[in-house]
Each structure stands twice: as structure tokens, then as C-alpha cells.
Amino acid sequence: MLGYAGQMAAFGNALIVGAIMVVLALAALIDFREWEEWIGIVLGVWLIASPWILGFTGLVAAMWTAVILGVLTLVLAGWSLYSHGGMSTA
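Residues numbered from 1 in each chain as written. Predicted model: local features only at pLDDT ≥ 70, side-chain atom pairs only at ≥ 80, totals over all residues. Heavy atoms only, no water.

1. Considerations on the overall build of the chain
Stage number 1. On a plain count of helices and strands, the chain comes out with 3 helices and 0 strands.
Stage number 2. Along the chain, helices (α) and strands (β) appear in the sequence α-α-α when read from the amino end.
Stage number 3. For the chain, the spread of C-alpha atoms along the three principal axes comes to 45 × 30 × 20 Å.
Stage number 4. Of all 90 residues assigned to the chain, the portion counted as buried reaches 31%.
Stage number 5. Contacts in the chain between residues at least 24 apart in sequence constitute 55% of all its contacts with a sequence separation of at least 6.
Stage number 6. Total accessible area computed for the chain in this model is approximately 5700 Å², and 76% of it derives from carbon and sulfur atoms. (Helix = DSSP H or I, 4+ residues; strand = E, 2+ residues; numbered from the N terminus. Buried < 20%, exposed > 50% of the residue type's maximum accessible area, 1.4 Å probe, protein only. Contact = heavy atoms within 4.5 Å. Areas by Shrake-Rupley, 256 points an atom, 1.4 Å probe, with all protein chains shown as cover.)

If you want it as C-alpha cells, here you go:
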């Protein structure tokens, strides 16, 4: 559906990053920690860059899925970190 057929790098990347995000979300529900949001920011940057690093830019649906979810992850993790006082405004 998202164009992952025949591209194990894109599929594996989506599974691994998704699993890490689930674990981070569950950890944040139990006890919020600033480092969880920093890992979310790193994952967002990775998702944005992964189509070029892993070489699946030719799979347009998979590429845009990774980029859009990466931007959303980056923005939401940054917003959460900012709203919990983890980023200085000075």
C-alpha cells in the first residue's frame, strides 16, 4: 500500500523506527523524561533523511511517508520538549 514491496531497507526502517516510537510513547506515559523527547527528535531527523541514506527515494509513497512522519515526529517531540521546559527560550 505504501510502496514497500521489494524494498526491505524501507520496510525494515519503518518497522524498527515504529517499534522504537511505540516504546518511547509507552515510557512517556509511565514517567515523562526529557531524554525520550530528544530521542524522538533524532528519530524525526532520521526519518526525514532515511530515504536518501537507505536509497528508497524511487519509492515515492514510501519516501513521502517517511518524510511527512519525520517532520511530524520532529515537530511534536520539539513541542513536547519545549512545553515541558526542556528547551531554553533565552
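This is not the end of the story, as more comes after the structure.
2. Points about the layout of surface pockets
Stage number 1. In this model, the largest pocket occupies a volume close to 270 Å³.
Stage number 2. Contributions of two or more residues to the lining of the largest pocket are made by helix H1 (8-30), helix H2 (34-54) and helix H3 (60-83).
Stage number 3. The element best represented in the lining of the largest pocket is H3, accounting for 6 residues.
Stage number 4. In the lining of the largest pocket, the residues fall into 9 nonpolar, 3 polar and 2 charged. (1 Å grid on protein atoms, 1.4 Å probe; cavity = no way out; pocket = protein on both sides within 12 Å on 5 of 7 lines; lining within 4 Å. Points joined across faces, edges and corners; volume = space filled by probe spheres on them. Nonpolar A, V, L, I, M, F, W, Y, C, P; charged D, E, K, R; others polar.)

3. Focus: the confidence of the model for the chain
Stage number 1. The pLDDT averaged across the chain works out to 86; a share of 90% of its residues lies at or above 70.
Stage number 2. Mean pLDDT across the secondary structure elements of the chain bottoms out at H1, with 89, and peaks at H2, with 93. (pLDDT = per-residue confidence, 0-100.)

4. Some words on the side chain of Asn-13
Stage number 1. Residue placement: Asn-13 occurs in helix H1.
Stage number 2. If we skip the residues at most four places from it in the chain, Asn-13 touches Trp-46, Leu-47, Ser-50, Leu-54 and Phe-56.

5. Overview of H3
Stage number 1. Here H3 is 24 residues long and its end C-alpha atoms lie 34 Å apart, about the 34 Å a rise of 1.5 Å per residue gives.
Stage number 2. Within H3 the residues assigned to the buried category are Ala-62, Met-63, Thr-65, Ala-66, Val-67, Gly-70, Thr-73, Ala-77, Gly-78, Ser-80 and Leu-81.
Stage number 3. For H3, the secondary structure elements touched by its buried residues are H1 and H2.
Stage number 4. Positioned one or two residues after H3, Gly-85 has a phi angle of 80 degrees, which is positive. (Expected span 1.5 Å × (residues − 1).)

6. Focus on the environment of Ile-41
Stage number 1. Counting through the fold element by element, Ile-41 comes out in helix H2.
Stage number 2. Between the alpha carbons of Ile-41 and Gly-18 there is a distance of 14 Å; along the sequence they are 23 residues apart.

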